Amino acid sequence: AQWIWIHGASVGEIAGVEPLIRELKQAQPKRQILVTTTSSTGRKKAESIEQVSAALVLPFDLALLYRHATKGLRISELIVLETELW
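Residues numbered from 1 in each chain as written. Predicted model: local features only at pLDDT ≥ 70, side-chain atom pairs only at ≥ 80, totals over all residues. Heavy atoms only, no water.

Engineer: Break down the nonpolar core for me, citing the residues and quoting the values.
Structural biologist: Ile4, Ile6, Ile14, Val17, Ile21, Leu24, Ile33, Val35, Ala46, Ile49, Val52 and Ala55 together form the largest nonpolar core, which totals twelve residues. Of all the elements in the fold, those that place two or more residues in this core are strand 1 (2-8), helix 1 (11-27) and strand 2 (32-37). The element best represented in this core is helix 1, accounting for four residues. With sequence-adjacent residues up to four places away left out, isoleucine 14 is seen in contact with Gly8, Val35, Thr36, Thr37, Gly42, Lys45, Ala46 and Ile49. (Core = buried A, V, L, I, M, F, W, Y, C linked by side-chain atoms within 4.5 Å. Buried < 20%, exposed > 50% of the residue type's maximum accessible area, 1.4 Å probe, protein only. Helix = DSSP H or I, 4+ residues; strand = E, 2+ residues; numbered from the N terminus. Contact = heavy atoms within 4.5 Å.)

If you want it as structure tokens, here you go:
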């Protein structure tokens, strides 16, 4: 299956994107949705959204972790809600 990857910095971004997640899953029901966030509260919020297939805490600035976390996934789209690069 193809995946849609959504990244939000924290719980606020994940809560804000919840309607989009529902719409994406309704429009493309065969796609899986991966949500990554930089906080554990963001991950918990993502896990509470029924349409989310997987949720991970993943610091945005560590490319090695991203390669490991997404290995073997066919990512078709990436949506970045906010970047907090220091």
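Engineer: Pulling in residues and values, what's your account of the pairing of strand 1?
Structural biologist: Across a regular strand the side chains alternate sides, sitting on one face of the sheet and then on the other. Burial analysis of strand 1 places six of its seven residues in the buried class, which makes it a mostly covered element. Two strands pair when backbone bridges link them, and strand 1 and strand 4 (residues 74-80) are joined in this way by six bridges, in the parallel orientation. Bridge assignment links histidine 7 to a residue of strand 4, and that residue is valine 80. Sheet topology places strand 1 next to strand 2; six bridges connect them, and they run parallel. Counterpart to histidine 7 in the pairing with strand 2 is threonine 36. (Pairing = 2+ DSSP bridges.)

Engineer: Account for the pattern of salt bridges, naming residues and giving values.
Structural biologist: Overall, the coordinates contain four salt bridges when judged by the stated rule. Here arginine 22 makes a salt bridge to glutamate 18, at a shortest N to O gap of 3.4 Å. Residue arginine 22 and its partner glutamate 18 are located together in helix 1, separated by four residues, close to a single helical turn. Using a relative accessible area of 19% as the deciding quantity, one classes glutamate 18 as buried. (Salt bridge = Lys/Arg side-chain N within 4 Å of Asp/Glu carboxyl O.)

Engineer: I'd like a rundown of the side chain of threonine 37, residues and numbers included.
Structural biologist: Relative to the helices and strands, threonine 37 is located in strand 2. Of the residues examined, threonine 37 reaches a relative accessible area of 0% and is grouped as buried. Of the polar contacts made by the side chain of threonine 37, one reaches the backbone oxygen of alanine 9; its length is 3.1 Å. Here threonine 37 is in contact with His7, Gly8, Ala9, Ser10, Ile14, Gly42, Arg43, Leu56, Val57 and Leu58, once residues within four sequence places are set aside. (Polar contact = N/O pair within 3.5 Å; in protein donor to acceptor, adjacent residues only side chain to side chain.)

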